[in-house]
Structure formats: C-alpha cells, structure tokens
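Architecture and fold: a report
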Amino acid sequence: MMKFASILVLFFNLVSANDEKSNINFTGIEYPISYTSEVSEKTYILYQTPLSEKIDSSFNAIAVQGLVSDKNVSFELWIPQEEDPDTKEVKYSIINGVSKIYPNGRFWCRFDLSLKIEKFKFVVINNGVKSDKFKITIYEIQTANLFKKKDQKDSKIEIDKGLSLPDPLPFKLIRRAEWGAKSPTSSYTQHTPLKITIHNTAGNYPTTLEDAITEIQVIQEYHQEAKGWIDIGYHFLIDPLGDIFEGRPILVIGAHVANKNTDNVGISIMGNYHPPVNNDLTQKTIDSIITLVKHIKDKYKISKTNFFGHRDLAETDCPGDNIYSKMSYLKAKIFDEKEDSVIVDVDLGNEELNNKIIKSIYNW
C-alpha cells in the first residue's frame with residue numbers, strides 16, 4: 001500500500017511539474033496583450049479578446065495572468081455554442097473564473113472546464129470601475145491540466161532544510177520564509193542538479209524590493225492555484241535590482257522546461273525581455289546571474305555545456321532576445337574566466353620564507 005502511495009505521489013509530481021505551455025493564439029494579437037478602454041456608467045464589457053484560434057490539445061482548465069488598473073472587475077470565459085441562421089449572431093455559454101487581484105493590480109484567474117472546448121473568448125466585466133479609463137495587460141493565457149485532489153489548505157507540508165542551497169553563500173539569498181512563500185501542496189521529488197536553465201517570467205517588471213516580493217507571491221499562487229502545480233516552478237528568481245529569491249529548493253524537481261525538469265535548475269529573471277516589450281536588463285541583474293550560477297556550477301560540478309537558455313531546450317521565445325543575446329557573455333564570465341589574483345602583502349621576519357611565499361602567490 002505504501003509503495004503504491006509513493007508511486008502515486010511521484011506520478012502526480014511528474015505530471016504537474018510541467019513547463020509553462022505556449023500562449024493561446026488570437027489572430028492579430030501579440031503577447032503581452034495591452035488594451036485601454038473608455039469607461040462610462042453604461043460600460044459592461046471592458047475588454048474581450050477575439051475568438052481564439054482552434055485548440056487541439058487536451059486540457060481541463062484555462063489559466064490567465066496579467067495586470068489591471070482597477071480591481072472592480074470580474075473575468076469570464078465565453079464559449080461559442082451556435083449561430084443564429086437569421087441574424088448570424090453567435091450565442092455563447094459563460095464560465096465564471098476563480099480569480100485573485102492583488103492591491104497593485106496583478107491578477108490571475110482560472111476557468112475549470114467539464115467539457116472539451118476548441119475556441120473561446122476571454123472577457124473582462126465592469127463591476128464598478130472608478131475611473132474613466134481602464135487598462136489591462138495580459139501576460140499569459142494558457143491551457144492547463146488540473147488533477148483533482150483533497151483540499152489541503154489546512155495541512156502544511158514541512159520542507160526539509162537539507163534540500164535548499166546551504167549557507168554560507170557568497171551573496172544574499174532571500175529565502176522562502178522571507179518573501180512569504182506558501183507551503184507546497186504535495187511532497188517534492190528529489191533530483192541532483194546537473195543542468196541550469198535561464199528563463200524570464202514574461203510578466204511584471206518590479207522596480208522596488210516590495211514590488212518584487214509581490215510579484216514572486218503572484219507567480220507562486222498562479223502556478224499553484226491556476227496551473228495546479230505543487231509549488232512555484234522556478235528554483236530561483238532575480239529582480240531588476242539584483243535581488244535573488246529562493247523558489248523551490250534546489251534539490252527537488254522544478255516546473256520550468258517541459259519533460260526536461262529532472263536534474264535541471266530553473267532561474268527566472270523577473271520581467272519581459274522579448275519584443276514587443278523589451279525591459280531593461282540591468283547590470284545588477286547580470287551580476288547576480290553570474291554570481292548565482294557560478295556558485296551553483298562550482299558546488300554541483302555543472303559543465304558549461306549544461307548551461308542553457310530556455311529556447312535551447314524547447315520551442316519558445318523564453319528567455320527573450322534581450323537575455324538570450326547575453327548567453328555567450330554569461331557563459332564566458334561564469335565558466336571561462338578565472339578569479340582575479342589577489343595581491344597579498346606578506347611581512348615576515350624570515351626573508352627566505354617571505355620570498356618563497358611571494359613566488360608561490362605570483363607564480364614567479
């Protein structure tokens with residue numbers, strides 16, 4: 001019985017520890033989708049996508065995340081049913097989503113589906129928007145496969161500290177407890193770090209530590225509640241200020257490259273670094289990538305050939321052109337450059353020993 005339970009946990013971890021899928025296509029629209037609408041007392045629909053292109057994959061939920069300028073909205077999924085032969089008007093069935101909007105406007109929502117659908121519209125409804133303009137940015141609309149499981153809100157899974165990157169560290173790591181991480185919803189599956197993959201979150205670009213903490217909380221909740229993963233997908237996240245955050249413990253399988261998560265450490269840079277949005281890749285972020293990856297590759301003996309951008313392993317734009325163009329530079333700084341020599345003043349009474357030490361230090 002215990003063996004079967006262990007297999008079941010392993011199966012759930014593997015199927016739920018998947019990479020973010022490709023965004024659903026809407027003809028003529030690029031991600032991130034940005035729209036501003038005029039608002040009046042009569043405005044009911046604030047925004048609606050065109051009808052999506054046909055979706056062939058198997059899924060039982062739609063996950064969405066983005067940013068809104070006003071919290072007084074709700075989200076709906078409109079599924080086309082039939083067309084009136086006389087008026088040519090399409091009738092829709094409506095599904096209400098489970099959602100959360102944060103104080104800064106970041107939101108996620110999930111639509112659970114009981115039947116297979118091929119096309120839909122994502123619709124934003126006015127619930128009392130207070131300004132005369134409403135803005136929305138949609139970072140992601142994707143399919144998801146959620147597996148029904150017991151409500152675990154009252155249970156807390158303790159994380160073995162031995163699974164995390166151990167101290168001492170040559171940099172400040174903002175641990176899970178410090179940014180307010182939620183407990184995983186199920187037990188992790190352990191692995192051995194052999195590869196490192198760089199991503200971008202393709203989402204909000206935080207400009208303060210407070211914004212970055214909110215952003216990582218949004219990402220974790222989106223991954224857990226909208227995508228059904230057991231925890232945030234990445235092992236580490238880095239913000240534009242160079243702050244390094246701990247995601248999943250490094251010694252457990254993450255969810256960041258489809259079918260290639262085992263033994264693969266996922267590091268994601270907060271922001272969007274691909275056209276049409278090209279956030280500034282700051283020097284502080286670059287320095288933190290170098291520092292973090294150097295430490296990981298030294299500790300776990302990871303080779304240069306096992307350092308990737310996400311697009312090296314999958315059909316995706318991630319980590320964005322802006323970051324990917326720096327991969328050769330990052331590889332050279334991390335794997336090729338030796339540590340600079342440190343000049344040490346040696347002052348010993350024994351002149352012969354003094355000379356031997358100096359010769360040893362400077363290879364004379």
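Anyway, here's the lowdown on the structure attached to this text. (Residues numbered from 1 in each chain as written. Predicted model: local features only at pLDDT ≥ 70, side-chain atom pairs only at ≥ 80, totals over all residues. Heavy atoms only, no water.)

The antiparallel open sheet is built from five strands, whose spatial order is β1-β9-β3-β7-β6. In this open sheet, the two strands that pair with only one neighbour each are β1 (33-38) and β6 (98-101). Neighbour to neighbour, the strand axes of the sheet diverge by 20° on average, direction disregarded. Alignment of strand β3 (residues 61-68) against strand β7 (residues 106-112), held across seven bridges, turns out to be antiparallel. (Pairing = 2+ DSSP bridges. Helix = DSSP H or I, 4+ residues; strand = E, 2+ residues; numbered from the N terminus. Axes fitted to C-alpha atoms, helices over the stretch in contact; angles between N-to-C directions.)

A word on the packing of aromatic side chains. In this structure the tally under the stated criterion is eight aromatic pairs. Ring centres of Y35 and Y47 lie 5.0 Å apart, and the angle between their planes is 45°; this geometry places the pair in the tilted category. Within this pair, whereas Y35 is found in strand β1, its partner Y47 is found in strand β2 (residues 45-48), the two being separated by 12 residues in sequence. An angle of 45° between the planes, with centres 5.7 Å apart, marks the rings of W78 and Y92 as tilted. With W78 in strand β4 (residues 73-83) and Y92 in strand β5 (residues 90-96), the pair connects residues that are 14 residues apart, well separated along the chain. Of the residues examined, W78 reaches a relative accessible area of 13% and is grouped as buried. A connected cluster of aromatic rings, assembled from ring pairs, spans F75, F107, F111 and F122. Positioned over the ring face of Y102 is K100, at 4.6 Å from the centre of the ring. Positioned above the aromatic ring of Y300, the side-chain terminus of K299 is 5.8 Å from the ring centre. (Phe/Tyr/Trp six-rings, centres within 6.5 Å; stacked < 30°, edge-to-face > 60°. Buried < 20%, exposed > 50% of the residue type's maximum accessible area, 1.4 Å probe, protein only. Lys NZ or Arg CZ within 6 Å of the ring centre and 35° of its normal.)

Now for the environment of I29. Position of I29 among the secondary structure elements: in the loop between α1 (2-16) and β1. Residue I29 is classed as partly exposed on the basis of its relative accessible area of 27%. Taking the C-alpha atoms as reference points, I29 and T49, 20 residues apart in sequence, are found 8.8 Å from one another. Here I29 is in contact with Y47 and P50, once residues within four sequence places are set aside. (Contact = heavy atoms within 4.5 Å.)

Cis peptide bonds are those with omega within 30 degrees of zero, and the linkage from Y31 to P32 qualifies with -5°. Mapped onto the fold, P32 is located in the loop between α1 and β1. Note that the residue after C318, namely P319, is joined by a cis bond; omega there is 10°. Turning to its location among the elements, P319 is positioned in the loop between β17 (307-309) and α5 (321-324). In this structure, K301 takes a positive phi of about 55° despite not being glycine. Tracing the sequence through the fold places K301 in the loop between α4 (283-300) and β17.

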